[in-house]
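Coordinate inspection notes
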Amino acid sequence: PLIDDLANIHQQEEELARSLGIARCLIVAGDIDQQEKVVEEMGKSVNEALNLLLPLGPSVIAVMGGTTMAEIAHCLTAKLSEKRSLTFVPARGGIGETVAIQANSVSSMMARRAGGNHRALYVPEQLSEQAYAPLLNEPSIQQVVQLIRNSDAVIHSVGQAIKMARRRDMDTQVVAMLQQKRAVGEAFGYFFDESGQIVYKIPRIGVQLEDLTRMKCVIAVAGGSSKAKAIVAYMKHAPSQTWLITDEGAAKMILKK
Ligand code: F6P
C-alpha cells in the first residue's frame with residue numbers, strides 16, 4: 001500500500017507540474033490549512049530541492065517574506081553550504097509586512113540555518129511612495145538592489161490577494177479596486193486575477209517578474225486548499241524552470257478543476 005501511495009503522489013506531482021506549465025512539483029502529505037505541521041515537511045522539501053538545484057560555488061539567493069517563508073527558513077540545513085558559498089538577500093523590500101515575517105528577517109534566518117551570508121535591504125516597510133523614491137538613489141541601497149535583481153536563485157511564496165492586502169494594511173481604496181478587479185492571488189507584490197492578468201503591482205523595489213526568467217533556480221512554496229486559486233493565477237507568469245513545493249490540500253484542489 002505504501003508503494004502505491006508513493007506512485008500515486010509521484011503521478012500527481014507530474015500531473016500538477018504539467019498543468020501549471022512548470023519544471024517540477026513536490027507534494028507533501030496533508031493540508032496546511034488543517035495541520036500547521038505540514039509546513040515542516042514543505043521546509044524539508046525546499047531544503048532538498050535547493051541541494052539538488054544550486055550549483056557548487058557561490059550563489060545569491062533572494063527570498064520573500066510571509067508566514068510560510070518564515071517557517072521554511074528554520075528547515076534549511078548547513079548541508080547546503082558544503083562546497084557552496086551562499087548569500088541570502090531579501091527579494092523585495094517595503095511591502096508592508098510586520099518584522100517577524102519580513103523578507104529581511106527571513107533571509108537572515110536562512111543564512112544562519114544554511115550557513116551563509118546575509119545582506120539586508122534597509123528600506124522601511126511602511127512608507128509612502130513619495131518618501132520611498134529618493135531612498136532608491138542611495139548608493140548603498142542601489143548596490144543591494146543590483147545584487148537582488150541579478151541573484152541566481154529565488155525562493156518565494158504565493159498568497160491570497162485580499163487577505164494579503166489587508167494583512168499589509170494597504171489603502172482601503174486599493175483593496176476596493178482589487179476586489180472590483182477580482183484579484184485572487186499575489187506574489188512578489190503583484191496581484192493577479194483568476195485568468196492570471198496582473199491587476200495591480202505594489203510600486204516597490206527588488207525582484208521584478210521579468211527578472212525571474214534569468215534565474216537558474218526558482219522555488220515557489222505555497223500550500224493549503226485555500227491557496228489553490230492564487231497558485232494557479234500566479235503560475236501563469238512563473239518561468240518554466242520553476243519548482244513548486246506544495247501540499248495535497250492545494251494539489252487536489254488545483255487538479256480538480
Ligand atoms: O508578503 C510576502 C509574501 O511572500 C507574499 O508575496 C505572499 O503572498 C505572502 O507573503 C504569503 O504569505 P503567507 O505565507 O503568510 O501565506
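Preceding block: the structure.
Here's what I pulled together on the structure shown here. Keep in mind that this is a model prediction, so the values were computed, not measured. (Residues numbered from 1 in each chain as written. Predicted model: local features only at pLDDT ≥ 70, side-chain atom pairs only at ≥ 80, totals over all residues. Heavy atoms only, no water.)

Observations regarding the packing of aromatic side chains
Heads up, the condition is: Centres within 6.5 Å are what make two rings of Phe, Tyr or Trp a pair, Trp counting through its six-membered ring; a difference in plane orientation under 30 degrees is then read as stacked, over 60 as edge-to-face, and the rest as tilted.
Per the stated rule, a full pass over the model turns up three aromatic pairs. Connected via pairs of aromatic rings, a cluster forms that spans Phe 188, Phe 192 and Tyr 234.

So, the side chain of Glu 186
Keep this limit in mind: Numbered from the N terminus, helices here are DSSP runs of H or I no shorter than four residues, and strands are runs of E no shorter than two. Using a 1.4 Å probe on the protein chains alone, a residue whose accessible area is under 20% of its type maximum counts as buried, one over 50% counts as exposed, and one in between counts as partly exposed. Under the rule applied, a polar contact is a pair of N or O atoms within 3.5 Å (in protein, one hydrogen donor and one hydrogen acceptor; residues adjacent in sequence only if both atoms are side-chain atoms).
Examined against the element boundaries, Glu 186 turns out to sit in strand E7 (residues 183–187). On the basis of relative accessible area, Glu 186 is assigned to the buried category, the value being 4%. Reaching out from Glu 186, the side chain makes a polar contact with the side chain of Arg 168 at a distance of 2.8 Å. A polar contact is formed between the side chain of Glu 186 and the backbone nitrogen of Gly 189, at a distance of 2.8 Å.

A few points about the site of the ligand
Our working rule: We call a residue near a molecule or strand as soon as one heavy atom of that residue lies within 4 Å of the molecule or strand. Accessible surface area values rest on a Shrake-Rupley calculation with a 1.4 Å probe, where residue burial reflects the displayed protein chains alone. Basically, the charged four are Asp, Glu, Lys and Arg, the nonpolar ten are Ala, Val, Leu, Ile, Met, Phe, Trp, Tyr, Cys and Pro, and anything else, Gly included, counts as polar.
Taken together, the neighbourhood of the ligand is formed by 17 residues, with Gly 65, Thr 67, Thr 68, Glu 97 and Glu 186 sitting nearest. Measuring from an oxygen atom of the ligand, one finds a side-chain N or O atom of Arg 168 at 2.7 Å. Lys 227 places a polar side-chain atom, nitrogen or oxygen, 2.7 Å from an oxygen atom of the ligand. With the chains in place, 97% of the 400 Å² that the ligand exposes on its own is no longer accessible. Elements with a minimum of two residues in the shell around the ligand: helix H3 (67–73), helix H7 (161–167) and E7. For the shell around the ligand, the class distribution of residues is six nonpolar, six polar and five charged.

Shape descriptors only; they carry no functional weight alone.
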